[in-house]
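Examination of the molecular architecture
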Amino acid sequence: MLFGDYLKLVKNSFSDSITDEYLCRLLFDSIITPLNLTSRTGDLLDYDKNKVSDIVTGRRNIPSQIKSNIYNKEVTKRLAEYFEINISPELVPDKTNLIQGMLSLFESNEFVSVSERNSLLLLSSQTTIAAFLAQAFCLAIQYNDYKSTISELDVNRLSALQSPLYLAGIHLDETTPGSFYIDSFSPKGIADSSELFKEIASLFSQIAKIHLPLKAKDTSNLFQFINKEPIVISDDRRSVLTQVASKLEIELPNDFFDLGDLSRNPLRSTQVLVGGTDLEGSSEAFEKYQLYDELETAISDYCEWGPIEKTFSGIHCIQLAIFNSGNKPDQNIAVTLKVPANSIMTPTDIANLDNEILNNLLSDYHALDLFAIPSTVSYLDYESSMKKPSLVGAAACKLPSTLYRKTTLDRHEIEDELQTVFNDYQFFTSSDSIIIKTEFDEIMHNTIVAFPTVLLLNHDIESIEYSIRSRNMEDVFNDSLTLTSDS
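Residues numbered from 1 in each chain as written. Predicted model: local features only at pLDDT ≥ 70, side-chain atom pairs only at ≥ 80, totals over all residues. Heavy atoms only, no water.

What follows covers the side chain of threonine 438. Here threonine 438 is to be found in strand β12 (residues 433–443). Of note is the side chain of threonine 438, whose polar atom sits 2.8 Å from the backbone oxygen of aspartate 424. Look past the residues within four positions of threonine 438 in its chain and what remains in contact with it is Ile333, Ala334, Val335, Tyr382, Asp424, Tyr425, Phe451 and Pro452. (Helix = DSSP H or I, 4+ residues; strand = E, 2+ residues; numbered from the N terminus. Polar contact = N/O pair within 3.5 Å; in protein donor to acceptor, adjacent residues only side chain to side chain. Contact = heavy atoms within 4.5 Å.)

This is the structure:
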């Protein structure tokens, strides 16, 4: 793993003996501290010894909160200074081996671009060791999981393929060349039901911890006649929240619905028109009031998303990607898949699922995105390969209430909607097989791009035959993917 090798080089250059866990925490703090990143419990983000060990040895990917913030502006503008204070003073005087080791490490990684390598080489001679190590740290985090994907490739098989383009399966956000996995399908939405369930319990706990004393009437105020309306949680809202808490076996304190001194000031009504608020009260009261809204939203999402998950429970899917392992970009790439008859669900098959649930799904959500394969550090999404934006996006987003469809769709209208979802595929059926075609405008060298969407299965399959043709390929390339599993 790239990050593990980076950490080892830095560790070996420390003047005193330190553990991997200590150095990993020290490095991660360069991102955690300036952004005040926290865990679900609200505590400052931290990782236990076992998790750190798994990260360093490559058994676990870089945590998403670390990886997604490595180029955050608040981090980058302070990163060199952080290394100057916390890393540089601990290093041995002679840093030659450290610098040469770092340059060799990134030179041998095929995903790090030439420009990034040259930039690092320039930093090694024209700036401080802190700035050099900070930039190398960013690259190690950015390309860590790319390296793990490449290390799993069957080199002998790739050399025998005689083609720079080949397909791979996607599993747990990693690609598996020459094979594919069958996974349970869950529409990509706000969160799955289990995560929403945890969020609901957490919000109940947060609200219960806020205790607000009732504010005594200020008799010294000359303008007591100004009638401020106390903010209270309505009986309907109390009833719903109380029933949910009961179902979750959560005991609510007596002051759970108390909002202290929060009130509405009639003299501040104009503030609402300019994006402000007519509410007054302590910061704790405002926080508690906001948490009620978040709790009700989470409960609503849970009630709405649960039936959708249930509709798709038991349905399996496959996720595929295409890898350009060559040394130059390729264009006009056409891929054809061949699988047994009735194995892949076409839009017509999907339209035969629960009509009411599909109506809700297609009315309330950007349905195109519910089936998409979003980008990860290991591969790009389909849209990145298209000169004209695809209809498929990267993450499900609930439509504003003003855009909700008010009419109910019949099965044929639902099928038309789903045809749009899978617009980037062409399906051809016969008595013994299904042919699926899709195209990619351009894929850069050493780049992996996901297919437009997941492919849902009517029943499991053992293999997928495929062919690829492109502008750079003289002949059509034929190969197959075989089913694999975690066991």
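More follows now that the structure is in view.
Before going further, it helps to examine the pairing of strand β1 (residues 165–171). In terms of residue burial, β1 counts as a mostly covered element, since seven of its seven residues are buried. Side chains of β1 alternate between two faces, with Leu165, Leu167, Gly169 and His171 and Tyr166, Ala168 and Ile170 buried alike. When β1 meets strand β9 (residues 320–324), the two strands line up antiparallel, connected through five bridges. Residue pairing in the sheet places alanine 168 in a bridge with alanine 321 of β9. Direction of pairing for β1 relative to strand β2 (residues 174–177): antiparallel, over a ladder of four bridges. From the neighbouring strand, isoleucine 170 faces β2, where its bridge partner is threonine 175. Counting the residues in the hairpin turn of β1 and β2 gives two residues, including leucine 172, whose phi is positive at 55°. (Buried < 20%, exposed > 50% of the residue type's maximum accessible area, 1.4 Å probe, protein only. Pairing = 2+ DSSP bridges.)

With respect to the helices and strands, the residue threonine 447 is situated in strand β13 (residues 447–450). Since its relative accessible area comes to 14%, threonine 447 is described here as buried. Engagement of the side chain of threonine 447 in a polar contact is seen with the backbone oxygen of histidine 445, the distance being 3.0 Å.

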